[in-house]
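An overview of the molecular structure
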Amino acid sequence: MDKVTKQNALNAHTWAGVFLSVLLFLVCLSGTIAVFHLEFERWEQPHIEEMENVSPEAVEKAMDSFLAKHTEESHHLFVVFPTSDIPRLVVENDHVAYFADGEGNLLEEESVSFTQMLVDLHLYLNLAHSWGMILVSALGAIICTLVITGIIAHKRIAKDAFKLRRGGNGQQAQIDLHNRLGLWAAPFHLLIGISGTYFGMAGIILTLVATVNYGGDRDAVVDQIFTPDPVLAPQSGKPAIGKAFGQMKTLAPEKSPIFLTVHEVGEPEQFIEIYAKAPNRMIYAEGYRFDTAGNFIGVAGYEHGEWGKQLLWSMYRLHFGDFAGMLSKWLYFILGVMLTVLCVSGMEIWLSKKAHPRLASRLWYSIVWGSVSALAVTAVADMLFAGSLIAVFWGVMLLNIALTVGIKSLTKPVWLFLSGLSVLALLVVYTAVHGNATFTVSSLQLNLPMTIYVLWSIWRGLTLLKREKMNHAENKSKVKPNLYDASHGESVNL
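Residues numbered from 1 in each chain as written. Predicted model: local features only at pLDDT ≥ 70, side-chain atom pairs only at ≥ 80, totals over all residues. Heavy atoms only, no water.

1. Regarding the pattern of salt bridges
Keep this limit in mind: Each reported salt bridge corresponds to a side-chain nitrogen of Lys or Arg within 4 Å of a carboxyl oxygen of Asp or Glu. Relative accessibility thresholds used throughout: buried, under 20% of the residue-type maximum; exposed, over 50%; partly exposed, between the two (1.4 Å probe, protein chains only).
Summed over all chains, the structure comprises eleven salt bridges. For the salt bridge of Arg 42 with Glu 50, the shortest nitrogen-to-oxygen distance reads 2.8 Å. The exposure class of Glu 50 is partly exposed, given its relative accessible area of 28%. In this structure, Glu 254 engages Lys 255 in a salt bridge whose closest nitrogen and oxygen atoms are separated by 2.8 Å. Its relative accessible area of 45% is what places Glu 254 among the partly exposed residues.

Now the structure itself:
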């Protein structure tokens, strides 16, 4: 490939990364953490009873108790089974959700405000969903562009595939690390970018396909992707969800029921649908449909549908790594960290080439490491106060920026150190609030990694702070001003 093409690719790669660095970083960071969004839901209420299975009778009792407590109008009813990725029984409508124990007794209202804010940050950057999703999806397309232009711009991609040089001022090592992470994980980055772009552009794609192939009929396209509701005789009465759930062991003994939905509650079109995870398949779930009386109607046909339908139904698991238990989640987390590091290192390389302008560098560090502190403070606020978590998060982010402008000593190691202390404060408050529940699996599966982060960030922050002082001392010792000794008529080096 000629030099002009490579240079143009490098320019596009550099300026797209620089101008969108903050947004790309926040989307990548929140997405990396949101891989464990189901685990965070458990972490927020660690004392709730957990189980592996539940009886149809307990499901029926839990829903009956819930409906007696909540009589407001709702178009849907839901049951989340403990055989899903959250080993808890949850009953809910369109407005509120409650946990239930293994006997079907209601426990307490589900409250996952922090997890919702975190996922909202990743999917919409906490903006209005209508155009926040479009913005984030556009960033997914930018990620694909950065991967492709980065590969094109690399002058010796094969020769340097495993090169990682050390020494010097560290800039070359950082460039090598940036290039290696970008190359090795390129397939993952493209997958994340493409699947992320799909979520926001689905409506636009739907309109285009409808215009080109279906005379503008969007419903016809939807029916090709989502199986239409079954045509039934007018339904009435209470949905027999226990009876429907009880048949799953016979209908699909190899599948794990994830959740149940009662569609069009109280309407003549009412029917029950149970979504079950198919083993060794990437699709989210197959749908098993029942009438109001709990009689089996048929399957939705996602598991063995056309390849295009199966692909679209696999997008969720492909994007969040939710297809092989904790193994795939940890793999996605590590790869997500690599993608986030790419955002950080790319910007730091650009700053180093600009001789590290002090204010710009400090502002970048306040965003990178200050965002960790902002998330930790937001989680603490959720445990202690009632209010908008989005306002708390962005308020802390703005405060970080203001402090950085006003306090010149807030450098990278200081922000690293502060991020570790913030997470440590979160763990302390969490322990005080939840007591013995802090030592349950629901808590420890996230608290232990957070503890590791605390130790690493404080150690790394102190190490960089010590290195900064040493470099400052060395630079100071190299400055030897000449003073003229008038009495001797000669210069003296100090």
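Anyway, onward from the coordinates.
2. A closer look at the nonpolar core
So the rule is basically this: Nonpolar cores were defined as sets of buried Ala, Val, Leu, Ile, Met, Phe, Trp, Tyr and Cys residues, with membership established by side-chain atoms within 4.5 Å. Note on conventions: DSSP H or I runs of at least 4 residues are helices, E runs of at least 2 residues are strands, and numbering of each starts at the N terminus. Contacts are assigned to residue pairs with any non-hydrogen atoms lying within 4.5 Å of each other.
Membership of the largest hydrophobic core comes to 70 residues, with the highest contact counts inside it found for Phe 25, Trp 43 and Trp 364. Per element, the largest residue contribution to this core is eleven residues, and it comes from helix α15 (residues 358-384). Sequence-distant contacts of Trp 364, that is, excluding residues within four places in its chain, are made with Ser 21, Val 22, Phe 25, Cys 343, Val 344, Met 347, Glu 348 and Leu 351. Core analysis: the second largest hydrophobic core is formed by 27 residues, Met 51, Val 54, Tyr 98 and Ile 272 among them.

3. As for the confidence of the model for the protein
Worth spelling out the cut-off: Scored from 0 to 100, pLDDT records how confident the predictor is in each individual residue.
Per-residue confidence for the protein gives a mean pLDDT of 90, with 94% of residues at or over 70. Between residues 483-494, whose pLDDT stays under 50, and residues either more than four places distant or in other chains, the model counts 17 contacts.

4. Focus: the packing of aromatic side chains
Inclusion rule: Here a pair means two rings of Phe, Tyr or Trp (six-membered ring of Trp) with centres within 6.5 Å. Their orientation is stacked below 30 degrees between planes, edge-to-face above 60, and tilted elsewhere. Should the NZ of a Lys or the CZ of an Arg lie within 6 Å of a ring centre and within 35 degrees of the ring normal, that charge is described as sitting over the ring.
According to the stated counting rule, one finds 25 aromatic pairs in the structure shown. Ring geometry for Tyr 288 against Phe 296: centres 6.4 Å apart, planes inclined by 35°, an arrangement best described as tilted. Residue class for Tyr 288 comes out buried when judged on its relative accessible area of 6%. For Phe 296, a relative accessible area of 34% gives the class partly exposed. Ring pairing ties together the aromatic residues Phe 40, Trp 43, Phe 114 and Tyr 430, which thus form one cluster. One Lys or Arg, Arg 88, reaches over the ring of Phe 99 and ends 5.5 Å from the middle of that ring.

5. Some words on a nonpolar patch on the surface
Our working rule: Only residues whose relative accessible area exceeds 30% and that take part in no salt bridge are eligible for patches, with like-charged residues grouped when within 9 Å of each other and nonpolar side chains (Val, Leu, Ile, Met, Phe, Trp, Tyr) grouped when within 5 Å. A 1.4 Å probe and the Shrake-Rupley method give the accessible areas. Residues count as covered only by the protein chains that appear here.
Among the surface-exposed residues, Leu 359, Leu 398, Ile 401 and Val 405 lie close enough to one another that they form a single nonpolar patch of about 350 Å² accessible area. Examining the composition of the nonpolar patch, we find that three residues originate from one element, helix α16 (residues 389-406), more than from any other. Relative to the assigned elements, Leu 359 resides in helix α15. On the basis of relative accessibility, which here comes to 41%, the residue Leu 359 falls in the partly exposed class.

6. Points about the sheet that holds strand β3 (residues 97-100)
Heads up, the rule is: By definition, two strands form a pair when at least two bridges between them are found by DSSP. Axis definition: a line fitted to C-alpha atoms, limited for helices to the stretch in contact. Angles are taken between N-to-C directions and run from 0 to 180 degrees.
With respect to topology, eight strands assemble into an open sheet ordered β4-β3-β2-β1-β5-β6-β7-β8, the strand pairing being antiparallel. Sheet topology places β4 (106-109) and β8 (296-299) at the edges, where each strand pairs with a single neighbour. Going from strand to strand, the sheet's axes swing by 20° on average, the running direction of each strand aside. Here strand β5 (residues 256-263) runs beside strand β6 (residues 271-277); their pairing, made up of seven bridges, is antiparallel. By the bridge assignment for β6, Leu 260 is matched with Ile 274.

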